[in-house]
Amino acid sequence: MTTTAVSTPAPTAVRDLFTNRWLLLFLAAWAAATVYILTTDRSVLPLSDQEPIGYFSGIAGGIAGGVAGMAVLFLLARHRAPLDHRNAPEFRNPGKETAGLLAWMAAVLAVGSVFDIRTHIAFVGLAPGAQAVWDRQTPTSTLTWAIFNFVTLAVLPYLFFRYRLGYRPASMLLRFGRPKVWLPYFVLVGLPPIFFTATPEYYTTSVAGHVLTLVLFTIGSFLPIMITTQSLLTPRLAVLARSWVTGSVLSAIAYGALNITEAFLAWGSAAQLALSLAWFTQVAFWGLAKAVTTLRTGNAWLHIATTHTIHLAEAPALATTFRLR
Amino acid sequence: MTATLLAHAGHVATHGGTEALTGVALLLVGAAAALWRAHRDR
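Quick caveat: nothing in here was measured; it's all calculated off a predicted structure. (Residues numbered from 1 in each chain as written. Chains lettered and ligands numbered in written order. Predicted model: local features only at pLDDT ≥ 70, side-chain atom pairs only at ≥ 80, totals over all residues.)

Topic: the overall build of chain A
Okay, step 1: Looking only at helices and strands, chain A has 12 helices and zero strands in total.
Okay, step 2: Element order for chain A, N to C, with α for helix and β for strand: α-α-α-α-α-α-α-α-α-α-α-α.
Okay, step 3: Across chain A, every contact between residues at least 6 apart in sequence was considered, and the portion connecting residues at least 24 apart equals 84%. (Helix = DSSP H or I, 4+ residues; strand = E, 2+ residues; numbered from the N terminus. Contact = placed C-beta atoms within 7 Å.)

What to know about the overall build of chain B
Okay, step 1: For chain B, the count of helices and strands is two helices and zero strands.
Okay, step 2: Sorting the 42 residues of chain B into buried and exposed places 24% on the buried side. (Buried ≥ 20, exposed ≤ 12 C-beta atoms within 10 Å, placed from the backbone.)

So, the packing of helix 4 (residues 94-114) of chain A against helix 2 (residues 18-41) of chain B
Okay, step 1: Close contact between helix 4 of chain A and helix 2 of chain B brings their axes to 8 Å; oriented N to C, the two are set at 170°. If you check the angle between helix 4 of chain A and helix 2 of chain B, you find them roughly antiparallel. Only Ala20, Gly23, Val24, Leu27, Leu28, Gly30, Ala31, Ala34, Leu35, Arg37, Ala38 and His39 of chain B of helix 2 of chain B make contact with helix 4 of chain A, whose side of the interface consists of Pro94, Gly95, Lys96, Thr98, Ala99, Leu102, Ala103, Met105, Ala106, Leu109, Ala110 and Ser113 of chain A.
Okay, step 2: Taken together, the residues of the contact of helix 4 of chain A with helix 2 of chain B sort by class into 16 nonpolar, six polar and two charged. (Axes fitted to C-alpha atoms, helices over the stretch in contact; angles between N-to-C directions. Parallel < 35°, antiparallel > 145°, perpendicular 65-115°, else oblique. Nonpolar A, V, L, I, M, F, W, Y, C, P; charged D, E, K, R; others polar.)

Some details on the packing of helix 9 (residues 244-258) of chain A against helix 2 of chain B
Okay, step 1: Look at helix 9 of chain A against helix 2 of chain B: their axes get within 8 Å of each other, and the N-to-C directions meet at 150°. Viewed along their axes, helix 9 of chain A and helix 2 of chain B adopt a mutual orientation that is roughly antiparallel. The handedness of the crossing between helix 9 of chain A and helix 2 of chain B comes out as left-handed. Residues Ala254, Ala257 and Leu258 of chain A of helix 9 of chain A lie in contact with helix 2 of chain B, whose contacting residues are Gly23, Leu26, Leu27 and Gly30 of chain B. (Left-handed = near helix turned anticlockwise from the far one by under 90°.)

With respect to the nonpolar core
Okay, step 1: If you look at the biggest cluster of nonpolar residues, it comprises 97 residues, and the most contacted ones within it are Leu102, Met105, Ala252, Ala254 and Leu288 of chain A together with Leu27 of chain B.
Okay, step 2: Per element, the largest residue contribution to this core is 15 residues, and it comes from helix 8 (residues 207-241) of chain A.
Okay, step 3: Once residues lying within four places of it in the same chain are set aside, the contact partners of Leu288 of chain A are Phe26, Ser248, Val249 and Ala252 of chain A. (Core = buried A, V, L, I, M, F, W, Y, C linked by C-beta atoms within 7 Å.)

Notes on helix 4 of chain A
Residue and element names in this part refer to chain A.
Okay, step 1: A rise of 1.5 Å per residue sets the reference length of helix 4, with its 21 residues, at 30 Å; its end C-alpha atoms lie 30 Å apart and thus fit the reference within 8%.
Okay, step 2: Counting buried residues in helix 4 gives 15 out of 21 residues, a clear majority hidden from the surface.
Okay, step 3: Positioned one or two residues after helix 4, Asp116 has a phi angle of 60°, which is positive. (Expected span 1.5 Å × (residues − 1).)

A few points about helix 7 (residues 179-197) of chain A
Residue and element names in this part refer to chain A.
Okay, step 1: Here helix 7 is 19 residues long and its end C-alpha atoms lie 27 Å apart, about the 27 Å a rise of 1.5 Å per residue gives.
Okay, step 2: Of the residues making up helix 7, those classed as buried are Trp182, Val189, Pro193 and Thr197. Axial view of helix 7: buried residues confined to an arc of 70°, hence all on one face. Opposite the buried face of helix 7, by more than 90 degrees, sit the exposed residues Lys180, Pro184, Val187, Leu188 and Phe195. (Arc of directions from axis to C-beta.)

Some thoughts on unusual backbone geometry
All names here are of chain A.
Okay, step 1: With a phi close to 60°, Leu173 is a non-glycine residue in the positive phi region.
Okay, step 2: Among the structural elements, Leu173 can be located in the loop between helix 6 (139-164) and helix 7.
Okay, step 3: The class for Leu173 is buried, based on 25 C-beta atoms found within 10 Å.
Okay, step 4: Of note, the phi angle at Arg178 is positive, near 45°, even though the residue is not glycine.

So, the environment of Leu240 of chain A
Okay, step 1: Along the chain, Leu240 of chain A turns up in helix 8.
Okay, step 2: The exposure class assigned to Leu240 of chain A is buried, which follows from the 25 C-beta atoms found within 10 Å.
Okay, step 3: For the pair formed by Leu240 of chain A and Ala81 of chain A, sequence separation is 159 residues and the distance between their alpha carbons is 17 Å.
Okay, step 4: Other than its neighbours up to four places away in sequence, Leu240 of chain A contacts Pro94, Gly95 and Thr98 of chain A together with Ala34, Arg37 and Ala38 of chain B.

What to know about the environment of Arg242 of chain A
Okay, step 1: Within the element layout of this structure, Arg242 of chain A appears in the loop between helix 8 and helix 9.
Okay, step 2: In the structure, Arg242 of chain A is positioned 73 residues away from Pro169 of chain A in sequence and 23 Å away in space, judged by C-alpha atoms.

Remarks on the confidence of the model for chain A
Okay, step 1: Mean pLDDT for chain A: 88, with 90% of residues reaching 70 or above.
Okay, step 2: In the predicted structure, residues 1-5 of chain A sits below a pLDDT of 50 and forms zero contacts with residues beyond four places in sequence or in another chain. (pLDDT = per-residue confidence, 0-100.)

With respect to the confidence of the model for chain B
Okay, step 1: For chain B, per-residue confidence averages 72 on the pLDDT scale, and residues scoring 70 or more make up 60% of the total.
Okay, step 2: Interface scoring of the predicted complex returns ipTM 0.86; its pTM is 0.89.

What follows is the structure in structure tokens.
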């Protein structure tokens, strides 16, 4: 007697992505939001009718480059499984730790809003709208922004999880494994967004201006977002959701919520609410890209290359603020 | 150019607090859901 084996496709990370209903729902919402932004009256929000075409041409370029970058990322990571409940680091109590992290993010958001400090100092995608925000900044406000985010979203969560809960750097995804593979990837994927967004002034900005931009964005944005959302929150969400893709979608929504006080959002009328929700989805999309990068590779640093280096194109604005042009 | 932008932009970053409260509520709902999920899986 012979038996015929039923061929069921082996699960792969790519198949995980495109069979996850929450991801498909999110992408459908993102696509609808994109159409809405392009077709509605954007003047109801401050700044958002400045250069949406610039933003979406960036998105188009970003998608083309991003898909290529993600394809290479999936290829390079093909020998390891994405992080989820089966192979994530052992978390002592992922439910309580996730709840604590989300509550902490809520507290940081609330306190920051009192002092008009938000996660992004300006949304570079909305240049020159971003410039209008930068024109209101002073060295003091910029340093306050950087230090507030660094302390509340990087230093304190790291110290708590490292020394109070006893998690090692490896279980916080902070080991930069396979550097011969991932360092070249980091450079090759991280640099194009800067030059794609850079204005002519970028190339005439002083070296000191560029160095200060790198330092301030590292402490004010890259490290805070990395520690709280990528090292700590995202892997726990994947464990709780029992799916790395669903965990990525949840992480995207949490990232969007953390950024809800963006300068160009307003919620005072139905029209503002609808358009702000559409922009919220755009912001969350970047959170999704961050989480997919982190969970696919098990490396919390790499999201800086795939989604964050674009801020370094803000060097002219920052240099002007600090009179370093 | 800056003056034009600012005039066009109307207000910049004047938040009444509603949006922060919405974000706080979203995050706290997520926190409650995480606790519920962990409790259910126990």
